[in-house]
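Structural description and commentary
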Amino acid sequence: MDNKLLSGKKALIIGIANESSIAYGCAKMLKSAGADIAITYLNEKAKPFVDKIATELQPSIYSRCDVTIEHDLENLFSEINQKWQGIDIVIHSIAFAPKKDLHGSIIDSSKEGFLLAMDISCHSFLRMAKLAKPLMKNGGTLFAMSFYGAVKVVENYNLMGPVKAALESCVRYMAVELGTHKIRVIAISPGPVKTRAASGIDEFDQLLERAQQKAPMHTLVDVIDVGSMVTYLASDYAKNITGDTIYIDAGYHLIG
Ligand code: NAD
């Protein structure tokens, strides 16, 4: 990675749980391209796992952020404003659905479970964009992580399918609204990666196997693949790309 590609850029990455997290791959690659990074942990229970990553990546800002806790996002962006007086890159790499709603039939999902999944996995991206906008005085790039289950029915993805569909739609509307501010908005759709969140999906190992067998390239994706693409898309090389969902899945979406 060119260690000057993003030098002088400031990037916030939300969603690191451990070294398997897609957000970790993003933080690592953005940092190696010269960006200053801010990373977060969910709560005190999660912190020891993220502490190790903070030691490795030396973020300029390291704070708690649980998007369901009132003012956590506001406090984080206020810290960013104080420290950096602006931001260039924001990565939303978080998702959640209550187990009983994720595992059951979609028509049995509870209203509370559905709304909580939508709030954490989708609406929080809109809230982050609202807070980032005044800090992106010279433009910027906002990223959210989606999955192929947004556009096709993927066995066992259940409730998260419509939630990711809403997220991808938000990306398109946001890209149009924010375009004149030179703020780009991009959804990234990685193929399956074995992470903590993925372990909540029934028969995830079979999903991985299927992806490897059916993808034209017969390879699985890793978090560094995702981080590398995000780094490129955050750079000026991609300055006219916005509103799209970019697949990183060895071609699986072409035939899956
Ligand atoms: P992960 O478990 O490593 O990351 C999920 C993160 O969401 C965790 O860091 C967790 O702390 C965070 N989170 C959950 N609730 C939160 C809340 N209330 N406030 C703030 N953060 C919260 O798993 P991952 O697979 O790296 O997931 C990252 C993103 O990538 C998710 O949006 C996921 O849907 C998406 N994605 C994952 C895959 C995959 O196969 N793993 C594929 C495509 C897309």
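Analysis parameters
- Residues numbered from 1 in each chain as written.
- Predicted model: local features only at pLDDT ≥ 70, side-chain atom pairs only at ≥ 80, totals over all residues.
- Heavy atoms only, no water.
- Near = heavy atom within 4 Å.
- Polar contact = N/O pair within 3.5 Å; in protein donor to acceptor, adjacent residues only side chain to side chain.
- Buried < 20%, exposed > 50% of the residue type's maximum accessible area, 1.4 Å probe, protein only.
- Helix = DSSP H or I, 4+ residues; strand = E, 2+ residues; numbered from the N terminus.
- Pairing = 2+ DSSP bridges.
- Right-handed = clockwise from strand over helix to strand, strands pointing away.
- Core = buried A, V, L, I, M, F, W, Y, C linked by side-chain atoms within 4.5 Å.
- Contact = heavy atoms within 4.5 Å.

What about the site of the ligand?
Around the ligand, a shell composed of 27 residues is seen, among which Ser21, Ser146, Lys164, Val193 and Thr195 lie nearest. Between the ligand and aspartate 66 there is a distance of 2.9 Å, counted from a nitrogen atom to a side-chain nitrogen or oxygen. One of the backbone N or O atoms of alanine 197 is found 2.9 Å from an oxygen atom in the ligand.

Let's talk about the pairing of strand E6 (residues 183-190)
A large share of E6 lies buried, amounting to eight of its eight residues. Residue alternation in E6 divides its side chains into two sets, Ile183, Val185, Ala187 and Ser189 and Arg184, Ile186, Ile188 and Pro190, and both sets are buried. Bridging between strand E5 (residues 140-145) and E6 involves six bridges; their strand directions are parallel. Counterpart to leucine 142 in the pairing with E6 is valine 185. Following the backbone out of E5, through helix H6 (residues 160-178) and into the adjacent parallel E6, one traces a crossover that is right-handed. Summarising the sheet, E6 and strand E7 (residues 245-248) pair through four bridges and their orientation is parallel. Residue pairing across strands places isoleucine 188 opposite isoleucine 246, the latter belonging to E7.

Focus on the nonpolar core
Leu12, Ile80, Ile87 and Leu142 are the most contacted members of the largest nonpolar core, which has 52 residues in total. Counting residues per element, the ones that place at least two in this core are strand E1 (10-14), helix H3 (72-84), helix H5 (111-132), E5, H6, E6 and helix H7 (204-214). If one sorts the elements of this core by residue count, H6 sits on top with eight residues. The residues touching isoleucine 87, leaving out its near neighbours within four places in the chain, are Lys10, Ala11, Leu12, Ile80, Ala132, Leu135, Met136 and Gly139. Residues Ala23, Ala33, Leu57 and Phe143 belong to the second largest nonpolar core, which totals 35 residues.

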